[in-house]
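# Structural description and commentary
Spelled out, the chains give:
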Amino acid sequence: MQNRHPADLAQSPDTATSPSDEPQQLAARFAALAAADPQFRATMPDPAINAAKTRPGLGLAQIIAACMEGYAARPALAERVVEVVTDVGNGRSVRRLRPEFATVSYGELWSRVRALATAWHADPQRGLGADELIGILAFTGVEFATVDLAALHNGAVVVPLQTSASPAQLQAIHGEIEPAWLATSTECLATAVDLVIGGHRPRGLLLFDFDARVDDDREAVAAAERRLAEAGLTDLLV
């Protein structure tokens, strides 16, 4: 038998795959994985939930609720485990990332989302409702997703603000959208305070990713509260 190069075999008529065969082959691979791998099978969409979320007339908030409640036991998000340690060089309490990840289930995430959405809905003076805008100035993470989904649950419009934008660009965007609320992480808090003092003043400044055990976090909040108080906005930060 004549030896042939692998490239020749790939191009030979008896081994070539027609483009029309690819969907069937992919479906067969999925079926084989689902039958043999429990972990893969556990990530497959549930037909009942697919049917529930595609019912005619559902809004975005209802579709999100159907998915969150239907997949409550499944992991939704993951983030690096953080521990607070003492820096041996300066004695300060700092965050240290561990190599492992912690997961948050859809059910846990949905509980957090509904708690924040309910708090906004129940506040007649400073709430966040349908068609209102909220700006988010932060890096993505579990708490970012919580704020995002809570706003969507109430029918609000989320406007992410780029953390890499210049102060002038952020101030221009903030002034243009005039959000009802501005949400930010501790890392971006000083910039968010600049925005509300130097321009549009929202109903509230929502802080997340704050850890009172970390020295930098406590100092950032104290500085923000001091600057806001000087500007007559003592009740803005929540």
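Check the entry above for the structure.
Cut-offs applied
- Residues numbered from 1 in each chain as written.
- Predicted model: local features only at pLDDT ≥ 70, side-chain atom pairs only at ≥ 80, totals over all residues.
- Heavy atoms only, no water.
- Helix = DSSP H or I, 4+ residues; strand = E, 2+ residues; numbered from the N terminus.
- Rg over C-alpha atoms; globule rule 2.2 N^0.38 Å.
- Buried < 20%, exposed > 50% of the residue type's maximum accessible area, 1.4 Å probe, protein only.
- Contact = heavy atoms within 4.5 Å.
- Areas by Shrake-Rupley, 256 points an atom, 1.4 Å probe, with all protein chains shown as cover.
- Lys, Arg positive; Asp, Glu negative; His and termini not counted.
- Charge placed at Lys NZ, Arg CZ, Asp CG, Glu CD.
- Core = buried A, V, L, I, M, F, W, Y, C linked by side-chain atoms within 4.5 Å.
- Phe/Tyr/Trp six-rings, centres within 6.5 Å; stacked < 30°, edge-to-face > 60°.
- Lys NZ or Arg CZ within 6 Å of the ring centre and 35° of its normal.
- Salt bridge = Lys/Arg side-chain N within 4 Å of Asp/Glu carboxyl O.

Looking now at the overall build of the protein. Broken down by element type, the protein carries 10 helices and 6 strands. For the protein, whose C-alpha radius of gyration is 25 Å, the value lies well above the compact-globule estimate of 18 Å for 238 residues. For the protein, with 238 residues in total, the buried portion stands at 31%. If you take every contact in the protein between residues at least 6 apart in sequence, the share linking residues at least 24 apart comes to 62%. For the protein, the exposed surface amounts to about 14400 Å²; the carbon and sulfur share of it is 55%. Each charge class in the protein was averaged separately, 20 positive and 30 negative side chains, and the resulting centres sit 4 Å apart.

Our focus in this paragraph is the nonpolar core. Counting 27 residues, the largest nonpolar core has Trp 120, Leu 128, Ile 134, Ile 136 and Val 147 as the members making the most contacts within it. Counting only elements with at least two residues in this core, the list comes to α5 (60-70), α6 (106-122), β3 (133-137), α7 (142-153), β5 (181-185) and β6 (204-208). Excluding residues within four positions of it along the chain, Leu 128 makes contact with Trp 120, Leu 133, Ile 134, Ala 151, Asn 154, Ala 156, Ala 180, Trp 181 and Arg 203. Grouped together as the second largest cluster of nonpolar side chains are 21 residues, Leu 137, Leu 170, Leu 207 and Leu 237 included.

Turning our eyes to something else, we now look at the packing of aromatic side chains. This model, assessed by the stated rule, comprises 3 aromatic pairs. Ring geometry for Phe 30 versus Phe 40: centroids 5.7 Å apart, planes at 50 degrees, classification tilted. Here Phe 40 lies in helix α3 (residues 38-42) and Phe 30 lies in helix α2 (residues 22-36), a separation of 10 residues in the sequence. On the numbers, 5.8 Å between centres and 65 degrees between planes, the contact of Trp 120 with Trp 181 is edge-to-face. Separated by 61 residues along the polypeptide, Trp 120 in helix α6 and Trp 181 in strand β5 bring together distant segments of the chain. In this arrangement the basic side chain of Arg 80 is found over the ring face of Phe 101, its NZ or CZ atom lying 6.0 Å from the centre.

In this section: α5. The complete set of buried residues in α5 reads Ile 64, Ala 65, Ala 66, Cys 67 and Met 68. Buried residues in α5 make contact with α4 (47-53), α6 and α7.

Time to look at the side chain of Ser 185. By the secondary structure assignment, Ser 185 is in strand β5. When its relative accessible area of 4% is taken as the criterion, Ser 185 is described as buried. Discounting chain neighbours no more than four positions away, the residues touching Ser 185 are Leu 137, Ala 138, Leu 207, Phe 208 and Asp 209.

What the rule picks out here adds up to 10 salt bridges. Of the charged contacts in the structure, one is a salt bridge between Arg 95 and Asp 217, with a shortest N-O distance of 2.4 Å. In this pair, Arg 95 sits in strand β2 (residues 93-105) while Asp 217 sits in helix α10 (residues 215-230), placing the two residues 122 residues apart along the sequence. On the accessibility criterion, Asp 217 (4% relative accessible area) is buried. For Asp 215, the salt bridge goes to Arg 218, with nearest N and O atoms at 2.4 Å. Of the two residues, Asp 215 and Arg 218 both sit in helix α10, 3 residues apart, roughly one turn of that helix. Looking at Arg 218, the relative accessible area reads 37%, which means it is partly exposed. Connected via shared salt-bridge partners are Glu 83, Arg 96, Arg 98 and Glu 100.

By themselves, these are just geometric observations and shouldn't be taken as functional.
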